[in-house]
Amino acid sequence: MASSHSTSGEIRELIAQLDVDRAWLLEQIDRGHWPELRLDLAALERELGQFLTLANDGLEEKSRLS
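Residues numbered from 1 in each chain as written. Predicted model: local features only at pLDDT ≥ 70, side-chain atom pairs only at ≥ 80, totals over all residues. Heavy atoms only, no water.

The next point concerns the overall build of the protein. Within the protein, the regular secondary structure consists of two helices and zero strands. Over its C-alpha atoms the protein spans a radius of gyration of 15 Å, topping by over 25% the 11 Å that the globule rule assigns to 66 residues. Summarising its shape, the C-alpha atoms of the protein cover approximately 45 × 20 × 15 Å along the three principal directions. Each of the 66 residues in the protein was classed as buried or not, and the buried ones make up 18%. As presented, the protein carries roughly 5200 Å² of accessible surface, and 59% of it is formed by carbon and sulfur atoms. (Helix = DSSP H or I, 4+ residues; strand = E, 2+ residues; numbered from the N terminus. Rg over C-alpha atoms; globule rule 2.2 N^0.38 Å. Buried < 20%, exposed > 50% of the residue type's maximum accessible area, 1.4 Å probe, protein only. Areas by Shrake-Rupley, 256 points an atom, 1.4 Å probe, with all protein chains shown as cover.)

Let us now look at helix α2 (residues 38-65). For α2, which comprises 28 residues, the first-to-last C-alpha distance of 41 Å matches the rise-based estimate of 40 Å (1.5 Å per residue) to within 8%. Where α2 is concerned, the buried positions are Leu41, Ala42, Glu45, Gly49, Leu52 and Leu59. (Expected span 1.5 Å × (residues − 1).)

Secondary-structure assignment places Gln28 in helix α1 (residues 4-30). Residues contacting Gln28, with those up to four places away along its chain left out, are His33 and Trp34. (Contact = heavy atoms within 4.5 Å.)

Once that is clear, we can look at the environment of Ile29. Locating Ile29 in the fold gives a position in helix α1. As a C-alpha pair, Ile29 and Ala43 span 14 residues in sequence and 11 Å in three-dimensional space. Residues contacting Ile29, with those up to four places away along its chain left out, are Arg38, Leu41 and Ala42.

This is the structure:
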């Protein structure tokens, strides 16, 4: 069974990778890729950014309480 410290580290890595992917998506949108999907992809990018911020904040809160 993994310790909570290593699990938190894995989650932080996943959040960081998803943030890289979110930034890539935003860059592609800004470059004009997929114009027919621009509004939907922009909404997805915003929601993903908000989700990642909440997830990161939750991890920080959990580590402060531990």
